[in-house]
Amino acid sequence: MSNVLTYLIACSIFVILTISTNGLPSTLDHESVSESTRSFVPDFTNRYFLKDGKPYYYISGILHYTRVLPQYWELRLRQMKAAGLDAVQTYAFWNVHEPRPGVYDFEGNHDIIQFIELAQKVGLLVVLRIGPYICAEWDLGGMPSWLLTHEGINLRSRDTVYMSYVYKWLDVILPKVHPLLYSKGGPILMLQYENEYGFFGADKVYLSDLVAYINNIIPSEDVPLFSTDGNDYNLLLRGSLTNKILATIDFGIHTNVPTSVDALRRYSYGTPFVNSEFYTGWPDTWGGKHQTRATSAILVTLNEILKANGSVCFYMFSGGTNFGFMNGAEGDATHYLP
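Residues numbered from 1 in each chain as written. Predicted model: local features only at pLDDT ≥ 70, side-chain atom pairs only at ≥ 80, totals over all residues. Heavy atoms only, no water.

Looking at the pairing of strand E8 (residues 225–230)
In terms of residue burial, E8 counts as a mostly covered element, since six of its six residues are buried. Relative to E8, strand E7 (residues 188–193) runs parallel, the two being bridged by two bridges. Across the sheet, Gln 192 pairs through a bridge with Phe 226, a residue of E8. You can see the chain leave E7, run along helix H6 (residues 204–217) and come back into E8, and the turn it takes is right-handed. Here E8 pairs with strand E9 (residues 246–252) via five bridges, running parallel. Residue pairing for E9: Ser 227 is matched across the bridge by Ala 247. Handedness of the crossover joining E8 and E9 through helix H7 (residues 233–239) is recorded here as right-handed. (Buried < 20%, exposed > 50% of the residue type's maximum accessible area, 1.4 Å probe, protein only. Helix = DSSP H or I, 4+ residues; strand = E, 2+ residues; numbered from the N terminus. Pairing = 2+ DSSP bridges. Right-handed = clockwise from strand over helix to strand, strands pointing away.)

Re unusual backbone geometry
That bond from Gly 131 to Pro 132 is cis: its omega, 20°, falls within 30 degrees of zero. Relative to the elements of secondary structure, Pro 132 occurs in the loop between strand E6 (125–131) and helix H5 (160–177). Here the residue pair Tyr 315 and Met 316 is connected by a cis peptide bond, since its omega of -5° sits within 30 degrees of zero. Take Met 316: it is sitting in the loop between strand E11 (311–315) and strand E12 (330–331). Although it is not a glycine, Arg 47 sits at a positive phi angle of roughly 65°. When you line up the elements, Arg 47 lands in the loop between strand E1 (40–43) and strand E2 (48–51). For Ala 136, which is not glycine, the phi dihedral falls at a positive 60°. Structurally, the position occupied by Ala 136 is in the loop between E6 and H5. The buried category is assigned to Ala 136, whose relative accessible area is 1%.

Brief notes about empty space enclosed by the protein
Inspection of the entire model under this criterion finds one cavity of 30 Å³ or more. Lining the largest cavity, in full, are Tyr 193, Glu 194, Asn 195, Glu 196, Tyr 197, Leu 207, Ser 227, Thr 228, Asp 229 and Gly 239. Counted by class, the lining of the largest cavity contains three nonpolar, four polar and three charged residues. (1 Å grid on protein atoms, 1.4 Å probe; cavity = no way out; pocket = protein on both sides within 12 Å on 5 of 7 lines; lining within 4 Å. Points joined across faces, edges and corners; volume = space filled by probe spheres on them. Nonpolar A, V, L, I, M, F, W, Y, C, P; charged D, E, K, R; others polar.)

And the structure:
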């Protein structure tokens, strides 16, 4: 997305916030509270979040620390805060943090902890998506390519080899972020497991095993877990869990927002409405046409989301650069579009 488009959207957020919140507190109203009283939970009865006991929604934008040089992290985060955003959303990129089995890298451009701490420094909350699969238009959806050296491995499944590496990864990343949860005095509001699984599979045991393992390390009362799937009932049915795990959806402009909310309510009646990836643009492919979206169309759909008391995340708010060979690709058996 161009800097001009980002600026126009940012200027418009302030106007839309004043007319679209239907009585919920503004996302710009942060309060200083002691760690003992800090809490963030979904209210499945009233269909909103409770932050420190008060009804709440959030407006966030996505910035990937791996796609921006560390010396620019604070500047980008301050720009997001100045634009009126309440939170930054990012993934934890397994393949850059574990380039070889058992060898971990959390330095320099991969210092996710410093990135999260900088977000808190500038006054932003954080929504963290830990995978193991993240998509992110990133090589192998963030899973390490060395997994493929195991002949016959079945990714994103209960395959014992795959899950053994997933558990080792969670054993490393979760203790690092645990002290940074909102309930512990940090900025992390929520953790997402997997990503858009409904497009790929429907194995609820696999998803339940992931959630159980996460909660063995981070108790469920410490942070809400959530999933993200497309704005379709069947995708939600395949890719999400209903046992008090927050289900969220994603969609872009020119989308029928009430129909999307209805699909979410049909799947999980009391879940707060969250668009975890509101597509304000789309990736370019090599040799293809540069992707743009009309600001006016973005604002129309954004306004409808906020009128429905939705929380929202701009995907992307600041794009950055794919360094090395970490870019993802689109395609099929006959076409490869990096």
